[in-house]
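# Summary of the model geometry
If you want the building blocks of each chain, they are given just below.
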2 protein chains.
Amino acid sequence: MPDFARLDDFLESTDTDGYLIDADSTDSDQYYLSGFDAPDPFVTLYDGETHLLFPRSLEFGRAKRESRATTVERYVDFDHAELVEEHGSEAAVSHVLARFLESYGVDSVAVPPRFPLRTADGLRARGVDVTPDTDGTITEIRATKTDEEIEHVRAAQKANEASMQAAEDLLSAARVADDGTLQYDGEVLTSERVKEEIEVTLLRHGCSLDETIVACGADAADPHDRGSGPLTAGEPIILDIFPRDKTTKYHADMTRTFCKGEPSDTVREWYDLTERAKTAAFDALEPGATGADVHDAVCDVYEAAGLPTLRSDDRAETGFIHSTGHGVGLDIHELPRLSPSGDELEPGHVVTIEPGLYDPDIGGIRIEDIAVVTEDGYENFTEYEQRLVV
Amino acid sequence: MPDFARLDDFLESTDTDGYLIDADSTDSDQYYLSGFDAPDPFVTLYDGETHLLFPRSLEFGRAKRESRATTVERYVDFDHAELVEEHGSEAAVSHVLARFLESYGVDSVAVPPRFPLRTADGLRARGVDVTPDTDGTITEIRATKTDEEIEHVRAAQKANEASMQAAEDLLSAARVADDGTLQYDGEVLTSERVKEEIEVTLLRHGCSLDETIVACGADAADPHDRGSGPLTAGEPIILDIFPRDKTTKYHADMTRTFCKGEPSDTVREWYDLTERAKTAAFDALEPGATGADVHDAVCDVYEAAGLPTLRSDDRAETGFIHSTGHGVGLDIHELPRLSPSGDELEPGHVVTIEPGLYDPDIGGIRIEDIAVVTEDGYENFTEYEQRLVV
């Protein structure tokens, strides 16, 4: 059960009666506040207790069984049919919603910044005060994980390591053709083939994922390139895998960089430097430190070696050109930030540490672990070994 | 290239300067209007031409290459830094957006019903007229597919049939234990195991999916139950698979019902009846007919056999208790509806036909094909054979 004390404080300090979400459960704030997974939009009101409202009866029984809500109701419980008769089907919805809020004595609501306009306009027309919560209070609360959520991430990371192993095995088993491309099973080994192996392994472990990065050579020099085509010997190959457990919905995240055959001296040097940057980041990771402190620790290592960072040059296009990490949970990217704008870290924050170096002429190197901030430091969930040459 | 003539008509008839979307491309209206796939929210303005606006430079180059937009711009192109200085980072966004609209002479915009409230409030504060488009005009336009979109669905259906074959093969190869459960590879064959086989096969064919239905016995009697646990002989097993091609983003959809060993007379009778209902629906499927006509054809067959439908009894909990079908495209459920509220069908509508019968004491039967409405009838994409006993 999440701790909504911070939400109570927010409502009290802004003199607002309740917090309202209208979304399906792919919206992580909705899933977190309602404790309910449904593919179609529904409404959650928090006023110290949690109340759900569904358009139809379809999800009603399941919501009563599975959600943590105090009450579960349907449009039909607020005279929906009569209101359609009187106002038409479009306007009836806002009348139903206004009656729902009224039944809990709620005249004013805070809503997430991306709350649907039609619903807000309808409620305002019924005299309800609707204010976008630009602080994203629920998203803030989600940053601090309960013990149960921490176990979910740890379990997803176990599956993640199995898929990384499957990918590494494929690279290890490949042979190098005369033209330098990797060959496996009589075919050119491509980024796509390695991704397929990763995804199949994750499926076998109850996880899914939309995207994986298997990027080689110049592809790897762009941190957002997913990678495609034949893999080549002697060049660093970045594998960044971020699956979601299909049951718990929590993510994991890990990156390793491999090289088939002998890397250049620069690649080897960058790899060692990135290992050191990762160590420096973990040395700085503790409650009370800020995400900015951890990011600075990485920049210090790279800059001392004479490499550009966005801190030393905000227009840098090579070197360390992204932030050090991010929170991981129901969303793959969530709070806290380990970046120049990173705030104070707290026990229960689950974060990635992922320093890296990029240059189109050299390729890309990134090493990423996932860890939780504890009372006296951190615990790293990542057990996968680090080695460059496979 | 989609045909936006209907959008032009809408803007003209409502005397609105432009259509505005603020969403990431998991919102199918955004993906369709922008022609661009991006994981973070961006803004699309349609005013006869298409204009994209991105917060940062990250997606700028790719958007210029990959989207079909006439112009691609960034916050920085509208004095973002100065506006942050002057108004703070929160308010600066609405000033940037207002300047973006102003640069195209746009004072009034229609927006999708679920357009984000914060963006709408910000624009209204800058004097822009923002009206939710309760007709969902883009969603309406998406119902009619281009030849290219039709080929995307057809290709996804090919992958879908490969995964259905893998699942059927598993059921065929299973043996029946003394307690009636299916056994495969020395283990009880479960719904979860069959789903895994389906999903792995789809991955190997470039498709992904969030959910699959493999539901046996009483599970199958609830059309929304995904199914779980051991599969049993002598009971109908519903397999409903609806993958998405990872490259094109278009879906397919198909259901078959299998029985391992001998089904009861009632199950056999229901299966034959459902085959006949499906044929009746296809006989009614042509341009000019309505979705309601097609739905009625199915109800006629079931009611003539003395079985309840929601048409004959709107509180029915057994019999034919859902609609006949739905549109399929970027979303797995989209327009048109093949239901009591189904409007006129047009060439290019891609729809499912999926009659079924349900009763907790008997189980569930459903057979579903996917087809496109053509100038003179329809073309069924589904080549997978129909047979009950495996």
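The shown structure was predicted, so the numbers you read here are calculated from the model rather than taken from an experiment.

## Comments concerning the environment of lysine 249 of chain A
- Along the chain, lysine 249 of chain A falls in the loop between strand E13 (244-245) and strand E14 (254-259).
- For the pair lysine 249 of chain A and tyrosine 104 of chain A, spaced 145 residues apart in sequence, the C-alpha to C-alpha distance is 31 Å.

## Some points on helix H8 (residues 191-204) of chain A
Residues and elements named next belong to chain A.
- With 14 residues, H8 should cover 20 Å at 1.5 Å per step; its first-to-last C-alpha distance of 20 Å lies within 8% of that length.
- Where burial is concerned, most of H8 is hidden: ten out of the 14 residues are buried.
- Where H8 is concerned, the buried positions are Ser191, Val194, Lys195, Glu197, Ile198, Glu199, Val200, Thr201, Leu202 and Leu203.
- At the C-terminal side of H8, glycine 206 shows a positive phi close to 80 degrees.

## Side note on the relation of the copies chain A and chain B
- Overlaying chain A with chain B gives an RMSD of 0.0 Å, the required rotation being 180 degrees about an axis along which the chain moves by 0.0 Å. Such a combination of turn and shift is consistent with a two-fold rotation axis.
- Looking at chain A, 100% of its interface residues are interface residues in chain B too, so the copies touch through the same face.

## Examining the nonpolar core
- Residues Leu20, Leu101 and Val109 of chain A together with Leu20, Leu101 and Val109 of chain B are the most contacted members of the largest nonpolar core, which totals 44 residues.
- Only strand E2 (42-46), helix H4 (80-103), strand E5 (108-111) and helix H5 (117-125) of chain A together with strand E2 (42-46), helix H5 (89-103), strand E5 (108-111) and helix H6 (117-125) of chain B provide two or more residues apiece to this core.
- By residue number, the principal contributor to this core is H4 of chain A, which donates seven residues.
- When residues no more than four places from it in sequence are discounted, the contact partners of valine 109 of chain A are Thr16, Gly18, Leu20, Leu45, Leu101, Val128, Asp129, Val130 and Thr131 of chain A.

## Comments concerning the packing of aromatic side chains
- Scanning the entire structure with this criterion turns up 20 aromatic pairs over all chains.
- Look at tyrosine 302 of chain B and phenylalanine 320 of chain B: their rings are 5.3 Å apart centre to centre, the planes differ by 50 degrees, and that puts the pair in the tilted class. In this pair, tyrosine 302 of chain B is assigned in helix H11 (residues 291-304) and phenylalanine 320 of chain B in the loop between H11 and strand E15 (325-327), connecting sequence segments 18 residues apart. Here the two residues tyrosine 302 of chain B and phenylalanine 320 of chain B agree in accessibility, since each one is buried.
- Three or more aromatic residues joined by ring pairs make a cluster, and in this case those are Phe4, Tyr32 and Tyr46 of chain A.
- Positioned above the aromatic ring of tyrosine 31 of chain A is the side chain of lysine 249 of chain A, whose terminal nitrogen or guanidinium carbon lies 5.7 Å from the ring centre.

Quick notes on the rules
Residues numbered from 1 in each chain as written. Chains lettered and ligands numbered in written order. Predicted model: local features only at pLDDT ≥ 70, side-chain atom pairs only at ≥ 80, totals over all residues. Heavy atoms only, no water. Helix = DSSP H or I, 4+ residues; strand = E, 2+ residues; numbered from the N terminus. Expected span 1.5 Å × (residues − 1). Buried < 20%, exposed > 50% of the residue type's maximum accessible area, 1.4 Å probe, protein only. Least-squares fit on C-alpha atoms with pLDDT ≥ 70 in both. Contact = heavy atoms within 4.5 Å. Core = buried A, V, L, I, M, F, W, Y, C linked by side-chain atoms within 4.5 Å. Phe/Tyr/Trp six-rings, centres within 6.5 Å; stacked < 30°, edge-to-face > 60°. Lys NZ or Arg CZ within 6 Å of the ring centre and 35° of its normal.

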